[in-house]
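Remarks on the overall topology
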Amino acid sequence: MNAIAPAITPASAQALLRVQSLRKSFGSLDVLKGISFDLQRGETLALLGPSGSGKSTCLRCLNYLEKPTEGSVFLEDERIGQVPDRRGELRLMTDTELAPQRAEMAMVFQLFYLWPHLSVRDNVALGPIECAGLSRAEAYNLADEMLEKVHLRHKAEEYPERLSGGQQQRVAIARALAQRPKVMLFDEPTSALDPELVGEVLGVIKELAEEGRSMILVTHEISFAREVADRAIFMDGGHIVEQGTAIEVIDRPQAARTKAFLCQAGGRVSSQR
Ligand code: ADP
Ligand code: MG
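Fair warning: this is a prediction, and the values are worked out from it, not measured in the lab.

So, on to the confidence of the model for the chain. Averaged over every residue, the pLDDT of the chain is 92; residues scoring 70 or more account for 93%. Scored below 50 in pLDDT, residues 8–12 makes 7 contacts in the model with residues more than four places away or belonging to other chains. Overall, residues 267–273 carries pLDDT values under 50, and its contacts beyond four positions in sequence, including any with other chains, amount to 10 contacts.

The next subject is the packing of aromatic side chains. Counted by the stated rule, this structure contains 2 aromatic pairs. Their ring planes at 80° and their centres at 5.9 Å tell us that Phe 109 and Tyr 113 sit as a pair that is edge-to-face. Owing to a relative accessible area of 57%, Tyr 113 belongs among the exposed residues under this scheme. Consider the rings of Phe 234 and Phe 261, whose centres lie 5.3 Å apart with planes at 40°: the pair is tilted. Here Phe 261 lies in helix α9 (residues 256–272) and Phe 234 lies in strand β11 (residues 231–236), a separation of 27 residues in the sequence. Look at Phe 234 and you get buried, because its relative accessible area is 1%. The ring of Tyr 140 is capped by Arg 121, whose NZ or CZ atom sits 5.7 Å from the centre of that ring.

The environment of ligand 1 is made up of Phe 26, Leu 29, Val 31, Pro 50, Ser 51, Gly 52, Ser 53, Gly 54, Lys 55, Ser 56 and Thr 57. Note that an oxygen atom of ligand 1 is positioned 3.2 Å from one of the backbone N or O atoms of Ser 53. Measuring from an oxygen atom of ligand 1, one finds a backbone N or O atom of Gly 54 at 3.0 Å. Protein chains shield 59% of the accessible area of ligand 1, which is 570 Å² for the free molecule. Listing elements by their share of the shell around ligand 1, those giving two or more residues are β2 (29–39) and α1 (55–62). The element contributing the most residues to the shell around ligand 1 is α1, with 3 residues.

How each quantity is defined
Residues numbered from 1 in each chain as written. Chains lettered and ligands numbered in written order. Predicted model: local features only at pLDDT ≥ 70, side-chain atom pairs only at ≥ 80, totals over all residues. Heavy atoms only, no water. pLDDT = per-residue confidence, 0-100. Contact = heavy atoms within 4.5 Å. Phe/Tyr/Trp six-rings, centres within 6.5 Å; stacked < 30°, edge-to-face > 60°. Buried < 20%, exposed > 50% of the residue type's maximum accessible area, 1.4 Å probe, protein only. Helix = DSSP H or I, 4+ residues; strand = E, 2+ residues; numbered from the N terminus. Lys NZ or Arg CZ within 6 Å of the ring centre and 35° of its normal. Near = heavy atom within 4 Å. Polar contact = N/O pair within 3.5 Å; in protein donor to acceptor, adjacent residues only side chain to side chain. Areas by Shrake-Rupley, 256 points an atom, 1.4 Å probe, with all protein chains shown as cover.

Printed below as a string of structure tokens:
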């Protein structure tokens, strides 16, 4: 792609994740138009914005589920998705090369994608066995530990269809945690849930935030974002419109677009709950 940028820039050398000038186009549609931000270690960052503003695309570009058109992502100063070839030019990594990097940024999606033919414990243990090479016994121990974190240890032997949507999403969170990721990426983890099941999933996410995990959370739950996130980014039309502490952005938005969005989203959230 382009020449290799120095891996460390003094201003943000402390950041766990650095996103620099990320652009993504699908054909003639420019979806991300130059997004730059940092995630500090232990920080929860809320990514807010209207539908279609590019939030999911942004998350998917971080771990190269989508290949960015331009720009760079660094996790602990290691460049994601690209390596220098013999001539020193960056080339795209193969899927095999990418796998360990992807495991460091575990994603939780709106839909849970659990295997229906596997028990809850096997769903959580599968990745550690197949990707991290753990023995079955080690993976089961790890799975039970992670199920404990989402308060579902007692459901380890159940099959997903016997669980509520909120419980299934908590299993998906346990599965992501079992990757032992450096960053957790949540893409609207409660949007597919019935309103009465949202709280249990948000409760688990809050506990993870309080443990000091590093997380990026795309959500329409504005009051939750305000409570749990350290910082917030408001995106619209593929741009970052504003960013700051979650309280600054949510309580005292500067840009007209942020104000309009929060006004509307606030109305929707309160009418739902
Ligand atoms: P958000 O998550 O904020 O709702 P998305 O990142 O899903 O937004 O989508 C941003 C824009 O990119 C939308 O216009 C969407 O239709 C478009 N888009 C997303 N993925 C693709 C794709 N694979 N191919 C073409 N267009 C896409
Ligand atoms: Mg989305």
